[in-house]
Amino acid sequence: AHSLGLDSMISAYDFEAMDIAVESGTSCLKIATANIVNIPLIRHAAQSNLPIIFDTGKSTIAEIHNAVECAIKWGKGGFMINHSPDGHPALPEDHNLLIIDTYRKIFDCPIGIADHYVGEEMLYAATALGYDLLEKPVCLDPETADVDSPWAMRLDRIGIVKKKVSECCVARGKTFREKKY
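The paragraphs below set out a description of the structure included in this document.

Cut-offs applied
Residues numbered from 1 in each chain as written. Predicted model: local features only at pLDDT ≥ 70, side-chain atom pairs only at ≥ 80, totals over all residues. Heavy atoms only, no water. Buried < 20%, exposed > 50% of the residue type's maximum accessible area, 1.4 Å probe, protein only. Helix = DSSP H or I, 4+ residues; strand = E, 2+ residues; numbered from the N terminus. Arc of directions from axis to C-beta. Contact = heavy atoms within 4.5 Å. Polar contact = N/O pair within 3.5 Å; in protein donor to acceptor, adjacent residues only side chain to side chain. Patch = residues over 30% accessible without salt bridge, like charges linked within 9 Å, V, L, I, M, F, W, Y side chains within 5 Å. Areas by Shrake-Rupley, 256 points an atom, 1.4 Å probe, with all protein chains shown as cover. Salt bridge = Lys/Arg side-chain N within 4 Å of Asp/Glu carboxyl O. Phe/Tyr/Trp six-rings, centres within 6.5 Å; stacked < 30°, edge-to-face > 60°. Lys NZ or Arg CZ within 6 Å of the ring centre and 35° of its normal. Axes fitted to C-alpha atoms, helices over the stretch in contact; angles between N-to-C directions. Parallel < 35°, antiparallel > 145°, perpendicular 65-115°, else oblique. Left-handed = near helix turned anticlockwise from the far one by under 90°. Nonpolar A, V, L, I, M, F, W, Y, C, P; charged D, E, K, R; others polar.

### Things to note about helix α4 (residues 99-106)
- Every buried residue of α4 is accounted for by Ile99, Ile100 and Tyr103. Mapping the buried residues of α4 onto a view down its axis gives an arc of 105 degrees, with all of them on the same face.
- For α4, the secondary structure elements touched by its buried residues are α3 (61-74), β4 (79-83), β5 (111-114) and α5 (121-129).

### Things to note about helix α1 (residues 15-23)
- N-cap assignment for α1: the residue whose side-chain oxygen lies 3.2 Å from the backbone N of Glu16 is Asp14.
- Residue Gly25 follows α1 closely and has a positive phi angle near 90 degrees.

### Points about a nonpolar patch on the surface
- Together, Leu4, Val138, Leu140 and Leu155 make up a nonpolar patch on the protein surface, roughly 360 Å² of accessible area in all.
- Here Val138 shows up in strand β7 (residues 138-139).
- Here Val138 falls in the partly exposed class, since its relative accessible area comes to 39%.

### A few points about the packing of aromatic side chains
- A full pass over the atoms with the stated rule returns 1 aromatic pair.
- Between Tyr103 and Phe107, the aromatic rings sit 6.3 Å apart at their centres with planes inclined by 55 degrees, giving tilted as the arrangement. The two residues Tyr103 and Phe107 agree in class, both being buried.
- One cation-aromatic arrangement involves Arg43 over Trp74; the distance from NZ or CZ to the ring centre is 5.3 Å.

### Overview of the packing of α1 against helix α2 (residues 39-46)
- Direction vectors running N to C along α1 and α2 enclose 20 degrees, while the axes themselves pass 10 Å from each other. The orientation of α1 relative to α2 falls into the category roughly parallel. Crossing hand, α1 versus α2: right-handed. Note on element contacts: α2 touches α1 through Pro40, Leu41, His44 and Ala45, opposite Phe15, Met18 and Asp19.
- Looking at the contact of α1 with α2 residue by residue, the classes come out as 5 nonpolar, 1 polar and 1 charged.

### Observations regarding the side chain of Lys136
- On the secondary structure map, Lys136 appears in the loop between β6 (133-135) and β7.
- In this structure the side chain of Lys136 is engaged in a polar contact, spanning 3.3 Å, whose partner is the side chain of Asp115.
- Discounting residues that sit within four places of it in the chain, Lys136 has contacts with Asp115, Tyr117, Gly119, Leu123, Trp151, Ala152 and Met153.

### A closer look at the pattern of salt bridges
- Across all of its chains, the model carries 8 salt bridges by this definition.
- Ionic pairing is found between Lys163 and Glu167, a salt bridge with its closest N-O pair at 2.5 Å. Placement of the pair is Lys163 and Glu167 together in helix α6 (residues 158-172), with a separation of 4 residues, close to one helical turn.
- Since its relative accessible area comes to 43%, Glu167 is described here as partly exposed.

Quick look at the structure:
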């Protein structure tokens, strides 16, 4: 990831894995959906002073709020809410991409998406809506037997998708129209 100019994040499910992730130079730590209520693990992550990404999954707003409060209390690295649509793989109707508006009103932080769609279209839609982080599993060959493979993007597509996402960012434009002469 670093050689491609991308940041890395690591989901760690216990203290030891979290410490290894920090030592490896990860850019941030991800708290998986299953651990969003694991306050000791969130406190440990926050004490690393790395940014924390909270994967929401089917979490309630109250559960997300409690996790965020813990990160603010125990750390200085900041945090991000990562919307995780229902389904693995997720169908278009399961994405509920407009939840970004709700998260932005409640939490003062960047909002990301964990893309579990078979294809790249949700990355472009999320970019157009202003999501700050796009998470997509990658693999050498989606036909392999890995658990994330059905919705993984081929590694050799990263450059193409990164260019298209950049173009989508530019196309979003501004909230006003400049007068041109």
